[in-house]
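# A structural walkthrough
In case you want the letters, here they are:
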Amino acid sequence: MASNRTLGYSTTQISLHWIIAALVLFQLLFGESMTRVIRAQARGTAVSSADGSMGTAHYWVGIAVMLLVLLRLALRVAFGAPRPAGASALLVRLAGAAHWLFYALLLLVPLTGLLAYYFSDPFGDIHDLGKPAFIILIGLHAAGALCHQFLLKDGTLRRMLVPAR
Ligand code: HEM
Ligand code: HEM
């Protein structure tokens, strides 16, 4: 809705941003347990109980990310996003591209994870590429947010912390 595009993010949008960020961080930190579970299943060897539990957590946290992102995209389509503040048109476009790339990864990485779980290779290899892709994008995105906060001082970080509606 065009009329809503000048408003900031809602409480729900902000909560979803930080909950999804925390869940993705969990997946990146502990995803290798799932790799060990899958390898053990393929070889018919035993898995440690820690890897077994973390593998199960990886499965359900990944599904939660996918469902929460669908909800987030629906809200974004219904209510829009605030007009970006940027030093230049190029930076605004780059930030916008990073956001849509995030949405693509947030859907495709869990999807390839499910395919890897049920059909194994080549989906496992494709799914594993999600790790460096997320790390690079999160690094650029967080650096951008910190530049807005400390160099441009334009309140961009604040609008992802304080609800406008
Ligand atoms: C945002 C969601 C997700 C992220 C960020 C993520 C991330 C990761 C990471 C970092 C690894 C370890 C890669 C490595 O060993 O280098 C991994 C492995 C794996 N994940 Fe996920 N994952 C997600 C969702 C899912 C979902 C929903 C499933 C479905 C069951 C899943 C299934 C797997 C499997 C089967 C492996 C082992 C792949 C292999 O054969 O190497 N993941 N994931
Ligand atoms: C896994 C980690 C993260 C993911 C997946 C993620 C994803 C996203 C996405 C998709 C948007 C666009 C929202 C929209 O308009 O639809 C966004 C906005 C934003 N993110 Fe993140 N983010 C992550 C981590 C962070 C971190 C660590 C920071 C701060 C250091 C941050 C600060 C922001 C800010 C300030 C915005 C608002 C930008 C604007 O209003 O133009 N994010 N994030």
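Bear in mind the structure is a predicted one, so any value in this text is a computation, not a measurement.

### What about the pattern of salt bridges?
This structure, assessed with the given rule, holds two salt bridges. Residues Lys131 and Glu32 are paired through a salt bridge, measuring 2.9 Å at the closest nitrogen-oxygen approach. Placement of Lys131 in helix α5 (residues 123–152) and of Glu32 in helix α2 (residues 32–43) is noted, with a sequence separation of 99 residues between them. A relative accessible area of 34% means that Lys131 is categorised as partly exposed. We classify Glu32 as partly exposed; its relative accessible area is 45%.

### A word on the site of ligand 2
If you check the shell around ligand 2, you find 18 residues, and the closest are Tyr9, His17, Arg76, Tyr103 and His141. Within the side chain of His141, one N or O atom sits 2.7 Å away from a nitrogen atom of ligand 2. For ligand 2, an oxygen atom lies 2.7 Å from a polar atom in the side chain of Arg159. Where the shell around ligand 2 is concerned, the elements lending two or more residues are α1 (11–30), α3 (49–79), α4 (89–119), α5 and α6 (156–159).

### Considering a nonpolar patch on the surface
On the surface, Trp18, Leu161 and Val162 cluster together into a nonpolar patch covering about 280 Å² of accessible area. Within the element layout of this structure, Trp18 appears in helix α1.

### As for the packing of α3 against α4
Two elements in contact, α3 and α4, have axes separated by 10 Å at closest approach and are oriented at 145°. Both α3 and α4 take part in a crossing whose hand is left-handed. Contact with α3, carried on its side by Tyr59, Gly62, Ile63, Val65, Met66, Val69, Leu70, Arg72, Leu73 and Arg76, involves Trp100, Tyr103, Leu106, Leu107, Pro110, Leu111, Leu114, Tyr117 and Tyr118 of α4 and no other residues of that element. The class makeup of the residues in the contact of α3 with α4 is 16 nonpolar, one polar and two charged.

### Quick look at the packing of aromatic side chains
Tallied over the entire structure, the rule returns six aromatic pairs. Centroid distance Phe26 to Phe30: 5.1 Å. Interplanar angle 55°. Geometry classified as tilted. Here Phe30 and Phe26 lie together in helix α1, a separation of four residues that amounts to about one turn. A relative accessible area of 38% means that Phe30 is categorised as partly exposed. Summarising the aromatic geometry, the rings of Tyr117 and Tyr118 are spaced 4.9 Å apart at their centres and angled 80° between planes, so their arrangement reads as edge-to-face. Site record: aromatic cluster; members linked through ring pairs are Tyr59, Trp60, Tyr117 and Tyr118.

### Notes on the UniProt feature "transmembrane region" (unreviewed entry) in the protein chain
The UniProt entry lists residues 7–30, 57–79, 100–120 and 132–152 under the feature "transmembrane region" (unreviewed entry), expressed in the numbering used here. Across residues 57–79, the secondary structure splits into 100% helix and 0% strand, with the terminal C-alpha atoms separated by 32 Å. Helix makes up 100% of residues 132–152 and strand 0%. Its end C-alpha atoms lie 28 Å apart.

### Some points on the site of ligand 1
In the region of ligand 1, 22 residues are neighbours, and Thr35, His58, Tyr59, His127 and Asp128 sit closest. Within the side chain of Thr35, one N or O atom sits 2.7 Å away from an oxygen atom of ligand 1. His58 has a polar side-chain atom sitting 2.8 Å from a nitrogen atom of ligand 1. Listed by contribution, the elements that provide at least two residues to the shell around ligand 1 are α2, α3, α4 and α5. For the shell around ligand 1, the leading source of residues is α4, giving six residues. Considering only residue class, the shell around ligand 1 consists of eleven nonpolar, eight polar and three charged.

The rules behind these values
- In every chain, residue numbers begin from 1 and rise along the written sequence.
- Written order determines the labels here, with chains lettered from A and ligands numbered from 1.
- Note on the predicted model: pLDDT of at least 70 is required for a residue's local features to be given, and 80 or more for side-chain atom pairs to be given and counted; whole-chain, interface and lining totals, by contrast, use all residues.
- Neither water nor hydrogens contribute to the side-chain values; these are computed over all heavy atoms in the structure.
- Counted as salt bridges are all cases of a side-chain nitrogen of Lys or Arg within 4 Å of a carboxyl oxygen of Asp or Glu.
- Secondary structure is summarised from DSSP: a helix means a run of H or I of at least four residues, a strand means a run of E of at least two, and numbering begins at the N terminus for each.
- Three labels apply to residues, based on accessible area from a 1.4 Å probe with only protein chains included: buried if under 20% of the type maximum, exposed if over 50%, partly exposed otherwise in between.
- In these notes, residues near a molecule or strand are those with any non-hydrogen atom within 4 Å of it.
- For the purposes of these results, a polar contact is taken to be a pair of N or O atoms within 3.5 Å, where, inside protein, one atom must be able to donate a hydrogen and its partner to accept one; residues adjacent in sequence count only when each atom of the pair is a side-chain atom.
- Exposure above 30% relative accessible area and the lack of any salt bridge qualify a residue for a patch; like charges then connect within 9 Å, and the nonpolar side chains Val, Leu, Ile, Met, Phe, Trp and Tyr within 5 Å.
- Using the Shrake-Rupley algorithm and a 1.4 Å probe, accessible areas are obtained, with residue cover drawn only from the displayed protein chains.
- All axes here are fitted lines through C-alpha atoms, helices being fitted over the stretch that makes contact, and every angle between N-to-C directions spans 0 to 180 degrees.
- Crossings are classed by handedness, with left-handed meaning an anticlockwise turn of the near helix from the far one by less than a right angle and right-handed meaning a clockwise turn.
- Should any heavy atoms of two residues lie within 4.5 Å, those residues are counted as being in contact.
- Each residue is assigned to one of three groups, with Ala, Val, Leu, Ile, Met, Phe, Trp, Tyr, Cys and Pro labelled nonpolar, Asp, Glu, Lys and Arg labelled charged, and all others, Gly among them, labelled polar.
- For Phe, Tyr and Trp, where Trp contributes only its six-membered ring, two rings pair if their centres lie within 6.5 Å, and the inter-plane angle classes them as stacked under 30 degrees, edge-to-face over 60, or tilted in between.
- UniProt positions are given in the numbering used here, feature names are shortened, and annotations may be inferred rather than shown by experiment.

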